[in-house]
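Listed below, chain by chain, are the residues.
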Amino acid sequence: MTGGLVVDDSGAGFAESPAGYDLAPLHWGSLGAFGLVTAVTLKLSPRLERRRLLLAEASGLEAALERAEALLHPPLGLLALRVMGAREADGQIRWRLAAQLGGATETLAAQVPLARRLLAPLPLQVLEEQAAADFWRAHFAAIKDSPPLHPLARSDRRTMLELLGGAGEALQ
């Protein structure tokens, strides 16, 4: 802003996208050095009427990943998709696929049967709102302090750099 005049509207200039140019990254952390934000437009989604959690038991990691990929292609109201492994007392890993769907009641009425077909032949359990919330709470409490089943399951940067070896030194 110079002399009260707007110099640039954030809809034009910098990284191009279908919606125009995005200058927001230049403003983040600039503390006003690149200008003042005078207007903000937010794209908000309405609160979902209903949610369903589909839990499928898989015979192995490959089966779980194959079914997870199948869920990504159709127009499902997929809110979350997680492939989970838990080591059993006998040392075997139990693989599960959790798919969280959401939307209007009528939409879910069509999405759940479609998801069932895509997850077939895996055994499937559908959890309603409260049961799904309880499942996630218990799941994250159980894995909070447990070691990862695979080194790539850890999200800390140091481990990733260790796995990359010499190539990771360039990223530091």
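Parameters and conventions
Residues numbered from 1 in each chain as written. Predicted model: local features only at pLDDT ≥ 70, side-chain atom pairs only at ≥ 80, totals over all residues. Heavy atoms only, no water. Helix = DSSP H or I, 4+ residues; strand = E, 2+ residues; numbered from the N terminus. Buried < 20%, exposed > 50% of the residue type's maximum accessible area, 1.4 Å probe, protein only. Areas by Shrake-Rupley, 256 points an atom, 1.4 Å probe, with all protein chains shown as cover. Salt bridge = Lys/Arg side-chain N within 4 Å of Asp/Glu carboxyl O. Core = buried A, V, L, I, M, F, W, Y, C linked by side-chain atoms within 4.5 Å. Contact = heavy atoms within 4.5 Å. pLDDT = per-residue confidence, 0-100. Pairing = 2+ DSSP bridges. Axes fitted to C-alpha atoms, helices over the stretch in contact; angles between N-to-C directions. Phe/Tyr/Trp six-rings, centres within 6.5 Å; stacked < 30°, edge-to-face > 60°.

Colleague: Mind showing me how you'd approach the overall build of the chain here?
Modeller: Scanning the chain from N- to C-terminus turns up 6 helices and 6 strands. When the helices and strands of the chain are placed in sequence order, the string is β-β-α-β-α-β-β-α-β-α-α-α. Looking at the chain as a whole, 26% of its 172 residues qualify as buried. Of the accessible surface of the chain, which amounts to about 12300 Å², a share of 57% is contributed by carbon and sulfur atoms.

Colleague: Just to check I follow, could you spell out the pattern of salt bridges for this structure?
Modeller: Side chains that carry opposite charge are capable of pairing whenever their charged atoms lie near each other. Counted under the stated rule, the structure contains 6 salt bridges. E129 serves as the salt-bridge partner of R52, at 3.9 Å between the closest nitrogen and oxygen. Remark: E129 occurs in helix 4 (residues 129-143) and R52 occurs in strand 3 (residues 50-58); sequence separation between them is 77 residues. The class for R52 is buried, based on a relative accessible area of 15%. Note that R94 and E57 form a salt bridge whose closest N and O atoms lie 2.9 Å from each other.

Colleague: Even after reading the chapter, I still don't get unusual backbone geometry, so can you show me in this structure?
Modeller: A negative phi holds for most residues other than glycine; trans holds for most peptide bonds. A cis geometry characterises the amide bond from A120 onward to P121, with omega recorded as 10°. Secondary-structure assignment places P121 in the loop between helix 3 (105-119) and strand 6 (124-127).

Colleague: Help me understand the nonpolar core in this model?
Modeller: Generally speaking, nonpolar side chains in soluble globular proteins are found buried as a group. One finds L71 and L101 to be the most contacted residues of the largest nonpolar core, which totals 18 residues. Secondary structure elements with two or more residues in this core: strand 3, helix 2 (61-72), strand 5 (93-103) and helix 3. For this core, the element with the most residues is helix 3, which contributes 5 residues. Once residues within four sequence positions are removed from consideration, L71 is found in contact with L76, L78, L81, L97, A99, A115, L118 and L119. Listed in part, the 8 residues of the second largest apolar core include L53, M84, L127 and W136.

Colleague: How should the confidence of the model for the chain be read in this particular structure?
Modeller: Caution applies to low-pLDDT regions: their predicted coordinates should not be interpreted in detail. Predicted confidence across the chain gives a mean pLDDT of 75, with 70% of residues reaching 70 or more. Of all the helices and strands in the chain, helix 6 (residues 166-169) carries the lowest mean pLDDT, 42, while strand 6 carries the highest, 94. Low pLDDT (under 50) marks residues 1-15, which in the prediction has 22 contacts with non-local residues, meaning those over four places away or in another chain. Taken together, the stretch residues 163-172 has pLDDT below 50 and engages in 8 contacts with residues farther than four places along the chain or on a different chain.

Colleague: Would you mind showing me how to read the sheet that holds strand 4 (residues 78-87) here?
Modeller: Pairing is antiparallel in the open sheet, where 4 strands are placed in the order 4-5-3-6. Of all strands in the sheet, those with a lone pairing partner are strand 4 and strand 6, marking the two edges. Averaged over neighbouring strand pairs, the angle between their axes works out to 20° when direction is ignored. Packing against the sheet, helix 2 makes contact with strand 3, strand 4 and strand 5, and its axis sits at approximately 180° to strand 4. Those strands touched by helix 3 are strand 3, strand 5 and strand 6, and its axis lies near 155° from that of strand 5.

Colleague: Please explain the packing of aromatic side chains as it appears in this structure.
Modeller: Remark: the centre distance and the inter-plane angle together describe each pair of aromatic rings, the angle taken between the planes. Applying the stated criterion across every chain yields a total of 2 aromatic pairs. Taken together, a centroid distance of 5.3 Å and an interplanar angle of 70° make the contact between F135 and W136 edge-to-face. The same class applies to F135 as to W136, namely buried. Geometrically, the ring pair formed by W136 and F140 is stacked, given 5.7 Å between the ring centres and 20° between the ring planes. Note that W136 and F140 are positioned in helix 4 at a spacing of 4 residues, about one turn of the helix. Joined through ring pairs, the aromatic side chains of F135, W136 and F140 make up one cluster.

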